[in-house]
Amino acid sequence: MRVAHSADAHIGLQSFGRPVEEFGRTLMTFAETAIAERVDAAVLAGDTWHTRAPSPGAILQVIRPVRAMAEAGIPVVIDLGNHEMASVAGGEGTTLAWLGELDLPNVYVATEGRCIHLDCGTFAVLPYVHKRSVEGGTLPERMAAASAELAFHIAAMADFRRPGLPLVFVGHLTVTGAMLGSEAAMQLGWDATVAPEAFAPYDLACLGHIHAKQVVSERAFYAGSPDVHGFDDDDASRKGFWLHDTDANTHRFIPSHPRAFVTVPEADLVSMAESMPQGAVVRLVLADERTPAGIRDAVRLLKDAGAFYVRITTPEKHTVRRTQQAVDVTPRAQMEAWLAANKYPIEPALAIAEEVMAS
């Protein structure tokens, strides 16, 4: 079975002046590739939209590529991500739930755990499991309970395998040991997690939620976000989507060629402007205070060189890129590491956060 796998399109995200159509074009590239490759199924592993109630324009940017794949005879499996959830209890009242209610041919939406039996194989689909779905106890106790619930569901859904057909897991979740990308909330360790070994019963696991493309086990893959979402995200050259072949056991990553994000130190302004990718979003890091006229001239130089958007910052505001791992450590340890990495004072921030979590 050949599966096209994408995740975390976040269509509707308002970021650096980029229009919603830009994110929609990336998703259409995924659809066109799936059609050209004649895959057996396509997977969108959560957070296709950035919110549970996207704008009409954002809805169109998803419906068009989904319809293109469905009309080409490709089953499209769509999972529910945390950004699309109406509540911790499930997906009622969301645009994704509305899409599922339409019951479009070849479109399969999961706003709760379900197994989808297709001619090519079985897809066990599990939406995001929130720690708030567990009532009572301290934050670490709720996180542990949510993680146990996640592992239980993954194991139980493996029982739906049909003889002679591939079994694919689709989930929007955090795997222990995965390298985090631009997703800010998870850096505090507030996500339920599951070990890579949980996917051993499956022929393939198509994952979403972490924005950095990676292989977390022999059979489990994060597609990452196909567009760059910020300066702390992966480089544009690492953005794209997977083409999996369960029969040949091959996994090919297809670049999506999104808009580049470039950080320009003031000392390298002239040289980097000469080689800057066209249409880039640029962060200009000033070495010291400059007059408004000096800033205007620097921005004009970058715009004339082809920059789409320029953000001005200073070294003390320039935070460290997050490349930490999702690990089973205490929330306090992860919070302390994040504060230190970004050069924020440990106290009183840590004490206040612990007080809030204990309440």
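The following refers to the structure shown. Because the structure is a prediction, the values reported are computed rather than measured.

Procedures and definitions
- Within any chain, residue numbers begin from 1 and follow the written order of that chain's sequence.
- A pLDDT threshold of at least 70 governs which residues receive local features in this predicted model, and a stricter bar of 80 or more applies before side-chain atom pairs are shown or counted, although totals over entire chains, interfaces and linings include all residues.
- No hydrogens and no water enter the side-chain calculation; it runs on all heavy atoms of the structure.
- Counting from the N terminus, the helices are the DSSP runs of H or I reaching at least four residues and the strands are the DSSP runs of E reaching at least two.
- Only protein chains enter the area calculation, which uses a 1.4 Å probe; residues under 20% of their type maximum are buried, those over 50% are exposed, and those in between are partly exposed.
- Residue contacts are counted whenever heavy atoms from the two residues lie within 4.5 Å of one another.
- By definition, two strands form a pair when at least two bridges between them are found by DSSP.
- Helix axes use the C-alpha atoms of the stretch in contact, all axes being lines fitted to C-alpha atoms, and the angles between their N-to-C directions lie in the range 0 to 180 degrees.
- Counting of polar contacts relies on pairs of N or O atoms within 3.5 Å, with two restrictions inside protein: one atom must be capable of donating a hydrogen and the other of accepting it, and residues adjacent in sequence are counted only when both atoms are side-chain atoms.
- By convention, a stacked pair of Phe, Tyr or Trp rings (six-membered ring in the case of Trp) has centres within 6.5 Å and planes under 30 degrees apart, an edge-to-face pair has planes over 60 apart, and any other such pair is tilted.
- The rule for a charge over a ring is simple: NZ of Lys or CZ of Arg within 6 Å of the ring centre, and within 35 degrees of the ring normal.

**Regarding the overall build of the chain**
Alright, step 1. From N to C terminus, the chain includes 8 helices and 17 strands.
Alright, step 2. A burial count over the chain gives 52% of its 359 residues as buried.
Alright, step 3. For the chain, the share of sequence-separated contacts (at least 6 apart) that also reach a separation of at least 24 residues comes to 66%.

**Points about the sheet that holds strand β14 (residues 250-255)**
Alright, step 1. Spatial strand order, β4-β3-β2-β1-β13-β14: 6 strands in an open sheet with mixed pairing. In this open sheet, the two strands that pair with only one neighbour each are β4 (107-110) and β14. Within this sheet the neighbouring strands show an average axis-to-axis angle of 20 degrees, counted without direction.
Alright, step 2. Against the sheet, helix α2 (residues 56-71) makes contact with β2 (41-44), β3 (76-79) and β4, and its axis sits at roughly 145 degrees relative to β3, the strand it touches most.

**Considering the side chain of Asp 47**
Alright, step 1. Assignment of secondary structure puts Asp 47 in the loop between β2 and α2.
Alright, step 2. Of note is the side chain of Asp 47, whose polar atom sits 2.9 Å from the backbone nitrogen of His 83.
Alright, step 3. Setting aside its immediate chain neighbours within four residues, Asp 47 contacts Asp 8, Ala 9, His 10, Asp 79, Gly 81, Asn 82, His 83, Glu 84 and His 172.

**What about the packing of aromatic side chains?**
Alright, step 1. The final tally for this structure, using the stated rule, is 9 aromatic pairs.
Alright, step 2. Seen in terms of ring centroids, Phe 30 and Phe 241 are 5.1 Å apart; in terms of plane orientation they differ by 80 degrees. Their pairing is edge-to-face. You can see Phe 30 sitting in helix α1 (residues 20-37) and its partner Phe 241 sitting in strand β13 (residues 240-245), a full 211 residues away along the chain.
Alright, step 3. On the basis of relative accessibility, which here comes to 1%, the residue Phe 30 falls in the buried class.
Alright, step 4. Among the aromatic residues, those joined into a cluster by ring pairs are Phe 16, Phe 231, Phe 261 and Tyr 309.
Alright, step 5. When the ring centre of Phe 253 is taken as origin, the NZ or CZ atom of Lys 213, which lies over that ring, is 4.7 Å away.
Alright, step 6. Sitting over the ring of Phe 308, Arg 259 keeps its end group 3.9 Å from the ring centre.

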